[in-house]
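So you can see what is in the structure, the chains are spelled out below.
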Amino acid sequence: MKDCIALTHFKDLGLIKPLLTALAEEGYTTPTPIQALAIPTVLEGRDLLGIAQTGTGKTAAFALPILQRLAADPRPAPRRGCRALVLSPTRELASQIAESFRTYGRHMGFSVAVVFGGVKYGPQVKALAAGVDILVATPGRLIDHINEKVANLNGVEVLVLDEADQMLDLGFLPPIRRIVATLPKKRQNLFFSATMPTEIGKLAAELLVNPAQASVAPAATTVTRITQQILFVETDRKRQLLAELFEDARMARALIFTRTKRGADRVAKYLDGAGVKADSIHGDKSQGQRERALAAFKAGHVRALVATDIAARGIDVDAVSHVVNFDLPNVPESYVHRIGRTARAGADGHAVSLVSDDERGLLKDIQKVTRQTIPAFDRRNDRALGALAAVEKTTMPEKAAQRPAHGRGAQGGGGSRGRRGGGGGGRPAQAQGGHGGQNRAANSGPRAIASTKPAARWSPVD
Ligand code: AMP
């Protein structure tokens, strides 16, 4: 959009210290595109039409500048009313929005209240009586409060309509128009919708005055052609599981993400030792090294390229068959960006994430943001992996992390099969024996992603 300039750091967006502190405490470093576009515009006092859905960071895109505008013009909240009114289609969303205002505004001392149906009126009436700075409400219950003269909205300075297209689906347009009719004419309006059906376009035209527009691609659409899978595994067995994935020849060109630069080096060395040609790229490598690694990966000489998020930013390689999250990213949006490296140019792609118990919270965030439940399989307590890890630990106690005991020399680069036998060439008993019918990963996943070998305790997790 022409009215706004995309900026890359929160401090560049003109936000005040208490907000920057709260953002830093939340671990947010970079604004999402909708935030970079919307925040400066809303700070200016302009109306905004935001085309964005959940997962794009739109809540902070309106909550941060609203908090700042309220702080710039301190005044008591109007009795029985509020200074900022956010209308939300569902109570779950209303609660989340209120929580976001509390989180981002935690150093500012504003009052936040929610109003939605299905719960007692009493506490809401009480909360409204003295007036609140920020009120987040679903339309139906708010109308009840207006009718009962418990709520009076003639002091509203900013109106946010969130997920407007959902409002339409739920039949909330008439109550919204009734609520808006009680608001003062002079106010700022922020309007968010993932899609723009005609009715919503009409409502936007009624509410907004010369709005700036910010439109971002919904995160979830980038993942539709990518088959995704989660493998739960212990942190210290991830390497072994990763090497096992490469036993499937279809895992022809894999981009593997680690959280740290050292982690990237360690994983690449381990794979190399296991007979899988691998290299790493990250910020500590010279430009020349990075270019060579990338060229070898593109040419197919290197089967696995291990990268950190930052180093991978410029990588645009066609025919990446698999993206593997060796570590989950800290920011859910990075998951979408990472897996978007596969399934380029109309091809299908696969994304496998190795998730240890301490990463469950990150996984939850990712599933929330991408609005999906990723098929998951449990490889914890897997005896084959455990046996291999134990062998490697005893034979190379210091360097187990860097080089497995039975390197590629013994097997002529044919994958990790020979390595896994602990010197005898065979698989550990648990993984060898007849597990017919137990290859549930291949059977019950959306599609088999590489050969995740059958294991005794391999079971889908929902
Ligand atoms: P939303 O689209 O508002 O529902 O936000 C989706 C998720 O992204 C929420 O869990 C937010 O906490 C998170 N989030 C929002 N902005 C950022 C950011 N700039 N950096 C990291 N996470 C963010």
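Our structure's up above, just so we're on the same page.
Described in the following lines is the structure provided in the data block. (Residues numbered from 1 in each chain as written. Predicted model: local features only at pLDDT ≥ 70, side-chain atom pairs only at ≥ 80, totals over all residues.)

**Some thoughts on the site of the ligand**
By nearness alone, 16 residues border the ligand, and Tyr 28, Thr 54, Gly 57, Thr 59 and Ala 60 come closest of all. Breaking the shell around the ligand down by element, the ones donating at least two residues are α3 (58-72) and α15 (360-369). Ranked by residues supplied to the shell around the ligand, first place goes to α3 with three residues. Composition of the shell around the ligand by domain shows at least three residues from each of domain 1 (10-215) and domain 2 (226-452). (Near = placed C-beta within 6 Å. Helix = DSSP H or I, 4+ residues; strand = E, 2+ residues; numbered from the N terminus. Domains from an automatic or database assignment.)

**What to know about the nonpolar core**
Ranked by internal contacts, the top residues of the largest apolar core, which has 69 residues, are Ala 38, Leu 85, Leu 135, Val 136, Ala 137 and Phe 191. Sort the elements by how many residues they give to this core and α3 lands first, with eight residues. Beyond its immediate stretch of four places on either side in the chain, Leu 135 contacts Cys 82, Leu 85, Ala 113 and Val 115. Counting residues in each nonpolar core, the second largest holds 55 residues, with Leu 231, Ile 256, Ala 278 and Leu 294 among its members. (Core = buried A, V, L, I, M, F, W, Y, C linked by C-beta atoms within 7 Å. Buried ≥ 20, exposed ≤ 12 C-beta atoms within 10 Å, placed from the backbone. Contact = placed C-beta atoms within 7 Å.)

**What to know about unusual backbone geometry**
Even without a glycine there, the phi angle at Glu 163 is positive, about 50°. Checked against the element boundaries, Glu 163 lands in the loop between β5 (158-161) and α7 (164-169). On the basis of neighbour counts, which here come to 22 C-beta atoms within 10 Å, the residue Glu 163 falls in the buried class. Of note in this structure, Asn 381 is not a glycine but carries a positive phi near 60°.

**Considering the packing of helix α2 (residues 33-44) against α3**
Each pair of packed helices gets described by two things: the angle between the helix axes and the distance between those axes. Closest axis-to-axis distance for the α2/α3 pair is 9 Å, and the angle between their directions is 25°. Of the possible angle classes, the one that applies to α2 and α3 is roughly parallel. Crossing angle aside, the handedness with which α2 passes α3 is right-handed. Counted together, Ile 34, Gln 35, Ala 38, Ile 39, Val 42 and Leu 43 of α2 and Lys 58, Ala 60, Ala 61, Phe 62, Leu 64, Pro 65, Gln 68 and Arg 69 of α3 form the full contact between these two elements. Of the residues in the contact of α2 with α3, the class split is ten nonpolar, two polar and two charged. (Axes fitted to C-alpha atoms, helices over the stretch in contact; angles between N-to-C directions. Parallel < 35°, antiparallel > 145°, perpendicular 65-115°, else oblique. Left-handed = near helix turned anticlockwise from the far one by under 90°. Nonpolar A, V, L, I, M, F, W, Y, C, P; charged D, E, K, R; others polar.)

**Looking at the environment of Ile 143**
Mapped onto the secondary structure, Ile 143 falls in helix α6 (residues 139-147). Accessibility expressed as a C-beta count within 10 Å gives 19 for Ile 143, which makes it partly exposed. When the C-alpha atoms of Ile 143 and Pro 175 are compared, they prove to be 6.9 Å apart, with 32 residues separating the residues in sequence.

**Some remarks on the environment of Leu 328**
Inspection of the secondary structure assignment puts Leu 328 in the loop between β12 (322-325) and α14 (332-339). Through-space distance from the C-alpha of Leu 328 to that of Ile 366 is 9.2 Å; in sequence the pair is 38 residues apart. Beyond its immediate sequence surroundings of up to four residues, Leu 328 is in contact with Ser 353, Val 355, Glu 359, Leu 362, Leu 363 and Ile 366.

**Re helix α10 (residues 238-245)**
Residues three or four positions apart in an α-helix share a direction because the helix packs 3.6 residues into each turn. In terms of residue burial, α10 counts as a mostly covered element, since eight of its eight residues are buried. The set of residues buried in α10 consists of Lys 238, Arg 239, Gln 240, Leu 241, Leu 242, Ala 243, Glu 244 and Leu 245. Where the residues of α10 are buried, they touch β8 (226-232), α11 (261-273), β12, β13 (349-355) and α16 (383-395).

**A short note on the pairing of strand β2 (residues 82-87)**
With six of six residues buried, β2 lies mostly within the body of the structure. Alignment of β2 against strand β4 (residues 132-137), held across five bridges, turns out to be parallel. Residue Leu 85 lies in a different strand from β4, and its bridge partner there is Leu 135. Relative to β5, β2 is paired through four bridges, and the arrangement is parallel. Residue pairing across strands places Leu 87 opposite Leu 161, the latter belonging to β5. (Pairing = 2+ DSSP bridges.)

**Observations regarding the packing of α14 against α15**
In contact at an axis separation of 8 Å, α14 and α15 are set at 70° when each is read in the N-to-C sense. If you check the angle between α14 and α15, you find them roughly perpendicular. Contacts between α14 and α15 involve Pro 332, Glu 333 and Tyr 335 from the former and Asp 365, Ile 366 and Val 369 from the latter. Of the residues contributing to the contact of α14 with α15, the split by class is four nonpolar, no polar and two charged.

**A few points about the sheet that holds strand β3 (residues 112-115)**
One open sheet accounts for seven strands, arranged β3-β4-β2-β5-β6-β1-β7; its pairing is parallel. The open sheet terminates on both sides in strands that have one partner only, identified here as β3 and β7 (212-215). Each strand of the sheet is rotated relative to its neighbour by a mean of 15°, with strand direction disregarded. Sheet analysis places strand β1 (residues 48-51) next to strand β6 (residues 188-193), joined by four bridges and oriented parallel. Bridged to Ile 51 within β6 is Ser 193. Relative to β3, helix α4 (residues 91-104) is tilted by about 180°, and along the sheet it contacts β2, β3 and β4.

**Re the environment of Arg 237**
Structurally, the position occupied by Arg 237 is in the loop between β8 and α10. Between the C-alpha atoms of Arg 237 and Asp 382, which are 145 residues apart in sequence, the distance is 9.3 Å. Apart from residues no more than four positions distant in its own chain, Arg 237 is found in contact with Leu 385, Gly 386 and Ala 389.

**Topic: α11**
Taking 1.5 Å of rise per residue, 13 residues should cover 18 Å, and α11 covers 19 Å from first to last C-alpha, within 8% of that figure. Burial runs high along α11: ten of the 13 residues are buried. Listed in full, the buried residues belonging to α11 are Gly 263, Ala 264, Arg 266, Val 267, Ala 268, Lys 269, Tyr 270, Leu 271, Asp 272 and Gly 273. Positive phi appears at Gly 275, one or two residues downstream of α11, with a value of about 90°. (Expected span 1.5 Å × (residues − 1).)

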